[in-house]
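Here's the letter readout for the chains.
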Amino acid sequence: MQGRMDQGYAALEKIAGTSPDLLKSLLEGSPDTVSVSDARQPDLPLTYVNPSFQRTTGYASEEALGRNCRFLQGDETSTDDVARIRKAIAAREPIDVVLLNYRKTGEPFLNSLRMAPIFDASGDLSAYLGIQRDITEERIRAESEISRNRLEALGTASGALAHQLNNLLHPVTSLISLHLPDIPDPGIRTDLEMAHYSATQAAELSNNLLGLSRGRFEEETGVTTLPDALIRAVDLVRLMLPPTVTIETGFRNVPKDMNIPISETMFAQVIINIVTNASQATKHSGTIRIELAELEGSKAQISIADNGPGIPFGLRQKVFDPFYSNSISKNGTGLGLSVALQIINKVDGRIIVAEGLLQPNGDARGCMFTIDIPTIT
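Residues numbered from 1 in each chain as written. Predicted model: local features only at pLDDT ≥ 70, side-chain atom pairs only at ≥ 80, totals over all residues. Heavy atoms only, no water.

Undergrad: Honestly, the overall build of the protein in this entry has me stumped. Any pointers?
TA: Each helix and strand in the protein was counted, giving eleven helices and twelve strands. When each of the 377 residues of the protein is scored for burial, the buried share is 40%. Here the contacts in the protein between residues at least 6 apart in sequence split such that 59% fall between residues at least 24 apart. Carbon and sulfur atoms make up 54% of the accessible area of the protein, which totals about 20,600 Å². (Helix = DSSP H or I, 4+ residues; strand = E, 2+ residues; numbered from the N terminus. Buried < 20%, exposed > 50% of the residue type's maximum accessible area, 1.4 Å probe, protein only. Contact = heavy atoms within 4.5 Å. Areas by Shrake-Rupley, 256 points an atom, 1.4 Å probe, with all protein chains shown as cover.)

Undergrad: Whenever I open this one, the pattern of salt bridges confuses me. Can you help?
TA: Should the charged atoms of two oppositely charged side chains come close, the side chains can pair. The tally for this structure, following the rule as stated, stands at 13 salt bridges. Notably, a salt bridge pairs Glu 138 with Arg 133, separated by 2.6 Å at the nearest N-O pair. A salt bridge links Glu 291 to Arg 289; the shortest N-O distance between them is 3.1 Å. (Salt bridge = Lys/Arg side-chain N within 4 Å of Asp/Glu carboxyl O.)

Undergrad: Honestly, the environment of Ile 371 in this entry has me stumped. Any pointers?
TA: Relative to the assigned elements, Ile 371 resides in strand E12 (residues 365–374). Residue Ile 371 is classed as buried on the basis of its relative accessible area, which comes to 1%. Sequence-wise, Ile 371 and Ala 340 are 31 residues apart; in three dimensions their C-alpha atoms are separated by 9.8 Å.

Undergrad: I keep staring at the nonpolar core and nothing clicks. Help me out?
TA: In globular proteins that are soluble, nonpolar side chains generally tend to be buried together. Judged by nonpolar contacts, the single largest core of 48 residues is most densely connected at Leu 226, Phe 267 and Ile 371. Examining the composition of this core, we find that nine residues originate from one element, helix H10 (residues 264–281), more than from any other. Residues contacting Ile 371, with those up to four places away along its chain left out, are Val 270, Ile 271, Ile 274, Ala 300, Gln 301, Ile 302, Ile 304, Ile 344, Arg 350 and Ile 351. The next biggest cluster of nonpolar side chains, apart from the first, holds eleven residues, and it includes Ile 85, Val 97, Met 115 and Tyr 128. (Core = buried A, V, L, I, M, F, W, Y, C linked by side-chain atoms within 4.5 Å.)

Undergrad: I keep staring at helix H11 (residues 336–346) and nothing clicks. Help me out?
TA: In an α-helix, one turn spans 3.6 residues, which is why side chains three or four residues apart end up on the same side. Among the eleven residues of H11, eight are classified as buried, and the element is accordingly described as predominantly covered. Of the residues flanking the end of H11, it is Asp 348, one or two places downstream, whose phi is positive at about 65°.

Undergrad: Can you help me understand the side chain of Asp 306 in this one?
TA: If you trace the backbone, Asp 306 turns up in strand E10 (residues 299–306). With no salt bridge to any partner, buried Asp 306 finds its closest opposite charge in Arg 365, at an N-O distance of 10 Å. Among the polar contacts made by the side chain of Asp 306, one reaches the main-chain amide nitrogen of Gly 308 at a distance of 2.8 Å. Every residue in contact with Asp 306, bar those within four places of it in the chain, is listed here: Ala 278, Thr 282, Thr 287, Ile 288, Gly 356, Leu 357, Gly 366 and Cys 367. (Lys, Arg positive; Asp, Glu negative; His and termini not counted. Polar contact = N/O pair within 3.5 Å; in protein donor to acceptor, adjacent residues only side chain to side chain.)

Undergrad: Sorry, what's going on with the packing of aromatic side chains here?
TA: The geometry of an aromatic ring pair comes down to the distance between the two centres and the angle between the two planes. Applying the stated criterion to the full structure yields two aromatic pairs. Aromatic pair Tyr 59 and Phe 71: ring centres 4.9 Å apart, planes at 80°, arrangement edge-to-face. Of the two residues, Tyr 59 sits in the loop between helix H3 (51–57) and helix H4 (61–64) while Phe 71 sits in the loop between H4 and helix H5 (79–91), which places them twelve residues apart along the sequence. The burial state of Tyr 59 is the same as that of Phe 71; both residues are buried. Note on Phe 320 and Phe 369: the rings are 6.0 Å apart at their centroids and 90° apart in plane angle, and the pair reads as edge-to-face. Remark: Phe 369 occurs in strand E12 and Phe 320 occurs in the loop between E10 and H11; sequence separation between them is 49 residues. Residue class for Phe 320 comes out buried when judged on its relative accessible area of 5%. The residue whose ring lies beneath Arg 67 is Phe 71, and the NZ or CZ to ring-centre distance is 4.1 Å. (Phe/Tyr/Trp six-rings, centres within 6.5 Å; stacked < 30°, edge-to-face > 60°. Lys NZ or Arg CZ within 6 Å of the ring centre and 35° of its normal.)

Undergrad: Quick question: what am I supposed to make of the packing of helix H9 (residues 228–240) against H10 here?
TA: Working note: a packed helix pair is described by the angle between its axes plus the distance between those axes. Relative orientation of the contacting elements H9 and H10 amounts to 45°, with a least axis distance of 9 Å. One way to sum up the angle between H9 and H10 is to call them oblique. In this structure, the crossing between H9 and H10 has a hand that is right-handed. Packed against H9, whose contacting residues are Ala 229, Leu 230, Arg 232, Ala 233, Leu 236, Val 237 and Met 240, the element H10 presents Glu 264, Phe 267, Ala 268, Ile 271, Ile 272, Val 275 and Thr 276 at the interface. Within the contact of H9 with H10, the residues separate by chemical class into eleven nonpolar, one polar and two charged. (Axes fitted to C-alpha atoms, helices over the stretch in contact; angles between N-to-C directions. Parallel < 35°, antiparallel > 145°, perpendicular 65-115°, else oblique. Left-handed = near helix turned anticlockwise from the far one by under 90°. Nonpolar A, V, L, I, M, F, W, Y, C, P; charged D, E, K, R; others polar.)

Here's what the structure looks like:
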């Protein structure tokens, strides 16, 4: 392998010596990104990047030249991969690695990097040649295929699982309903009412498992009244989150009877999934602000904002992909936001992702999910 690479470098040197214009055309026209770092200067600054590098990264040549290529790295770049590159540079050896890099916009991409040392005629190290290829779309297609297989496997088991869940939940709801009227303590009654509400929602939700496993929900009808249903959903999700999460609410000039064309079970799932996602983003120690407003054109608007790390603009639609997972939290299934979007789309609503609350350090903003739902007049 090394012999072939040496032959390739010799061929390039021959082209450079006899026909520099041809070499330039090869580099400028290459669909892969090509970069050259000067090994004779401290910190290996870039001395050449081809047009493909500029298109892939979003950085113009004048923004890249003179800098070490680590400016393409970010918070989620693997430190192990970076250590491998440093080790290869120290040993003056070539290396192949897939590295998570970031475009100028902040959007991450998977960079298949091949890096090799270049020696001059006297055998001294003079430069490092980097050839990169953006393999993001290839990886997405592969992961989509895996997701489809996982959904099919889930569909096989979901029917039986829904049946078993209903069998287990039935005595819970029945026993609470039976004894609730005889409970004199108002505090205990309130707790049991919330438990009954939660169990009822779980029983109804289990009936949708088969639709969820196929990436959709079965046709259903229902009406939910705001703000009461939102208050119940928020009370329920408070019980699901640790006390280190602060949930604030605000309703602006909201009538007491805003009806939306969605069952309360599905509506509660939207709120629970988005709020839970926000809690995970803040590492369960942030602030979540939930607001409800009535819009012109017979619409209700619910915004759920957090003061977490936020979502780069280029990823704001990808977070709704099934099984998509942000490495900020490894505890989720990657289905919550996908489920929420499916439910809202079903009633001709929409979910918009934008900047949220100011982060604790005051440097940037978190994330906000804004839900617009048509009301029934």
